Amino acid sequence: MRKALLLGSTMLALPLAVFAMAGDTDERLQALRDEVRDLEEQRDAIVTAADEAGADLTDEQVEEIEALQGKIDAKAKQVTIRENLVASRTGAGRKSAPAPTVDANGNRVVGTPAKRNLGAKGGFTSLGEFAVAVMKGSGPGAEMDQRLRAAATTFGNEGTGADGGFAVPAEFRADIWKKVTGEDSLMSRCTPLQTGSNSMTIPKDETTPWQTSGGVQAYWEGEGVTIPASKPALEMSTIRLAKLTALVPMSDELLEDAPGIESWLKAKAPEKMQAKINTAIIDGTGVGMPLGVLRSASAIKVSKESGQSADTILFKNISNMWSRMYGPCRRNAVWLINQDIEPQLDTMAFDPAATDKFPVYLPAGGLSASPYATLKGRPVIPVEACKTLGDAGDIILVDLSQYMALTKTGGIKSDASIHLYFDQNLTTFRFIFRMAGQPWWGSTISPQNGTMTRSWATYLEDR
């Protein structure tokens, strides 16, 4: 046991009690490191078993890995605290560099750094710098960047690099999530719900205020007459999350250009995901993906006019779609269109046969004074997922606040690996986003007076 510390040219004696405490702390510190290593081995064994079986991780395995990761993080914080305590007691101020070691993959690693808080970016200045560090630190004999060994992970390796994957740091995940829910995303117009599990059960009341049977009722009655009783009529709807994934392989040459890889990773994968989400909200089957507007039992398909020419849209079509939209939904409704139909809208008038024609459709800016064109006073939004001119779904009137978009807490999860395309010198980045979507409405509603049903969504049939 060392009993003195050389500072400059002066030897300072330290109390024996300090060394005794330092010894105890060192023993506990080593024990904590061993516990962290054991937990990491348990976590990595789950991933390895799934890889050997050629299967994706099950929901239960993911939850087990996340629980182990939580324990690892907690233990790692204690390691950091005790390391700082030992340094302060000995007055060392710094530690000599440990001898280089080699991990399970044969990668050269200097020391065994404790997990530490490197900020939201994991100690990296950009996503490009992070990607380059993954590439350079994962090859045989390479010295691993210590920021990778301390970076937060979703699952898989943290310190051993056994599966060659490192998670994208938290701040970069947040940036991708914001782009997916950006201005051009239909999901941003839906009613958002979040869950920590993979499903949610929602009670729904689908009775109308004017319905005279079923559900809560109100009555006009005379004085002294017994008030009739009624009770709620609720239905239960269980929604299970589906998984949307994007696998992005990149060459080592591309990874060498940090600005290029940052713009590509932050834009391309979210653009692909956004397009898939938009398409599912409009025309999803509801099997392994959200249920789309066009396939919903509560959306109304409006018939074309008698003798209407193919690939046309008439003012009468617009009026019929508008009349079937439930009144209170109109204030939030938007028109979703394929841009192929815009020439039809540009020449539309109230009475095509009249000498003085008045436009129905107002283009963006100008008369509408709006960033979007308007039709019946509501925004007209071009969406690539809408069908082409003449097909059902080329124009849709919808109140997307009546559509629930259920996502899993945490947003997009991201991982990286060099092993999938190792023989091609590619590093692969994987993005996973869990969501489900469906209308709140299970069916159309009948009006209090009249026979024409109402809905939160209407669209024009094939022409």
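All of these numbers come straight from a predicted model, not from anything done at the bench. (Residues numbered from 1 in each chain as written. Predicted model: local features only at pLDDT ≥ 70, side-chain atom pairs only at ≥ 80, totals over all residues. Heavy atoms only, no water.)

1. Observations concerning the overall build of the protein
- Within the protein, the regular secondary structure consists of nine helices and 18 strands.
- Residues counted as buried form 44% of the 463 residues belonging to the protein.
- Considering only residue pairs separated by 6 or more positions, the protein has 73% of its internal contacts joining residues 24 or more positions apart.
- Carbon and sulfur atoms make up 53% of the accessible area of the protein, which totals about 24,100 Å². (Helix = DSSP H or I, 4+ residues; strand = E, 2+ residues; numbered from the N terminus. Buried < 20%, exposed > 50% of the residue type's maximum accessible area, 1.4 Å probe, protein only. Contact = heavy atoms within 4.5 Å. Areas by Shrake-Rupley, 256 points an atom, 1.4 Å probe, with all protein chains shown as cover.)

2. Let's talk about the sheet that holds strand E12 (residues 373–375)
- Pairing is mixed across the open sheet formed by seven strands, whose spatial order is E9-E18-E14-E10-E13-E12-E11. Looking along the sheet, the strands with just one partner apiece sit at the ends: strand E9 (300–302) and strand E11 (361–362).
- Taken together, the two bridges between E11 and E12 define a ladder with antiparallel strand orientation. When the sheet's bridge partners are listed, Tyr-361 is paired in E12 with Leu-375. (Pairing = 2+ DSSP bridges.)

3. Notes on the pattern of salt bridges
- Here the structure, examined in full by the defined rule, presents six salt bridges.
- Lys-75 is paired through a salt bridge with Glu-35; the nearest N and O atoms lie 2.8 Å apart. Linking Lys-75 in helix H2 (residues 59–90) with Glu-35 in helix H1 (residues 16–53), this pair joins segments that are 40 residues apart in sequence.
- Taking relative accessible area as the criterion, Lys-75 reaches 23% and is therefore assigned partly exposed.
- Measuring nitrogen to oxygen at the nearest pair gives 3.2 Å for the salt bridge that ties Arg-295 to Asp-283. With Arg-295 in the loop between helix H7 (258–283) and E9 and Asp-283 in helix H7, this pair connects stretches of sequence that are twelve residues apart.
- The class of Asp-283 is buried, set by a relative accessible area of 18%.
- Look at the salt bridges and you will find they share partners, linking Asp-283, Arg-295 and Lys-387 into a network. (Salt bridge = Lys/Arg side-chain N within 4 Å of Asp/Glu carboxyl O.)

4. Quick notes on the packing of aromatic side chains
- Under the criterion given, the structure shown has three aromatic pairs.
- Aromatic pair Trp-322 and Trp-335: ring centres 6.5 Å apart, planes at 15°, arrangement stacked. Of this pair, Trp-322 sits in helix H8 (residues 315–324) while Trp-335 is found in strand E10 (residues 334–337), placing the two residues 13 residues apart along the sequence.
- Relative accessible area serves as the criterion here: at 0%, Trp-335 is assigned to the buried category.
- When the ring of Tyr-326 is compared with that of Trp-441, the centres are 6.0 Å apart and the planes differ by 65°; the resulting orientation is edge-to-face. Linking Tyr-326 in the loop between H8 and E10 with Trp-441 in the loop between strand E17 (426–439) and strand E18 (457–460), this pair joins segments that are 115 residues apart in sequence. Comparing Tyr-326 with Trp-441, the two get one shared label, buried. (Phe/Tyr/Trp six-rings, centres within 6.5 Å; stacked < 30°, edge-to-face > 60°.)

5. A word on the nonpolar core
- Ranked by size, the top nonpolar core spans 71 residues in total, and within it Trp-335, Leu-336 and Ile-395 carry the most contacts.
- Per-element accounting of this core gives the leading share, seven residues, to H7.
- Filtering out sequence-adjacent residues up to four positions away, Ile-395 remains in contact with Ile-313, Ile-318, Met-321, Trp-335, Leu-336, Ile-337, Ile-341, Leu-375, Thr-458, Tyr-459 and Leu-460.
- Counting residues in hydrophobic clusters, the runner-up holds 13 residues, among them Leu-29, Leu-39, Leu-57 and Leu-68. (Core = buried A, V, L, I, M, F, W, Y, C linked by side-chain atoms within 4.5 Å.)

6. Points about the confidence of the model for the protein
- The predicted model of the protein averages 76 in pLDDT, with 70% of residues at 70 or higher.
- In this model residues 1–22 is a low-confidence stretch, pLDDT under 50, and it forms 23 contacts with partners more than four residues away in sequence or in other chains.
- Note that residues 109–115 has pLDDT below 50 and, in this model, 28 contacts with residues that lie over four places away or in other chains. (pLDDT = per-residue confidence, 0-100.)

7. Some remarks on the environment of Trp-322
- Look at Trp-322 and you get buried, because its relative accessible area is 14%.
- Once residues lying within four places of it in the same chain are set aside, the contact partners of Trp-322 are Arg-330, Trp-335, Lys-376, Arg-378 and Leu-397.

8. A short note on the pairing of strand E15 (residues 403–408)
- Among the six residues of E15, six are classified as buried, and the element is accordingly described as predominantly covered.
- Covered by surrounding structure in E15 are Tyr-403, Ala-405 and Thr-407 together with Met-404, Leu-406 and Lys-408, the residues of both alternating faces.
- Alignment of strand E5 (residues 191–195) against E15, held across five bridges, turns out to be parallel. Directly across from Thr-191, in E15, lies its bridge partner Met-404.
- Bridge count between E15 and E17: five bridges; the pairing is antiparallel. By the bridge assignment for E17, Thr-407 is matched with Met-435.

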